[in-house]
Amino acid sequence: MTKGDQEAEPSGAVETVPFAKWHCVTCGHIYDEALGDPDTGVAPGTRWADVPADWYCPDCGATKEDYDLYR
């Protein structure tokens, strides 16, 4: 392998997917993956799929199932 070949190889780069936002269809609360919900124990950077199933809307108490992707 030549030096030029080494530079062309990925350097451990990880493909990143932008953070999404989800909104409560009941009250309009926005869950932002980048911010998480530290008040309820969900750390910043937590993807929606990783939010616990028993998590609920901090504003109205709706379940996680009551959220849709915010567009």
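What counts and what doesn't
Residues numbered from 1 in each chain as written. Predicted model: local features only at pLDDT ≥ 70, side-chain atom pairs only at ≥ 80, totals over all residues. Heavy atoms only, no water. UniProt positions renumbered as here; feature names shortened; annotations may be inferred. Phe/Tyr/Trp six-rings, centres within 6.5 Å; stacked < 30°, edge-to-face > 60°. Lys NZ or Arg CZ within 6 Å of the ring centre and 35° of its normal. Helix = DSSP H or I, 4+ residues; strand = E, 2+ residues; numbered from the N terminus. Buried < 20%, exposed > 50% of the residue type's maximum accessible area, 1.4 Å probe, protein only. Polar contact = N/O pair within 3.5 Å; in protein donor to acceptor, adjacent residues only side chain to side chain. Contact = heavy atoms within 4.5 Å.

- For the protein, the name recorded in an unreviewed UniProt entry is Rubredoxin, with Sphingobium terrigena as its organism.
- The Cofactor (unreviewed entry) field of the UniProt record for the protein holds the comment "Fe(3+)".

### Points about the packing of aromatic side chains
- Within this structure, the stated rule accounts for six aromatic pairs.
- Following the ring pairs from residue to residue traces out a cluster consisting of Trp 22, Tyr 31, Trp 48, Trp 55 and Tyr 67.
- Sitting over the ring of Trp 48, Lys 64 keeps its end group 5.2 Å from the ring centre.

### Points about the side chain of His 29
- Here His 29 is to be found in the loop between strand 1 (21-24) and strand 2 (30-32).
- Residue His 29 is classed as buried on the basis of its relative accessible area, which comes to 15%.
- There is a polar contact of 2.8 Å between the side chain of His 29 and the side chain of Tyr 67.
- Setting aside its immediate chain neighbours within four residues, His 29 contacts Trp 22, His 23, Cys 24, Trp 55, Cys 57, Pro 58, Asp 59 and Tyr 67.

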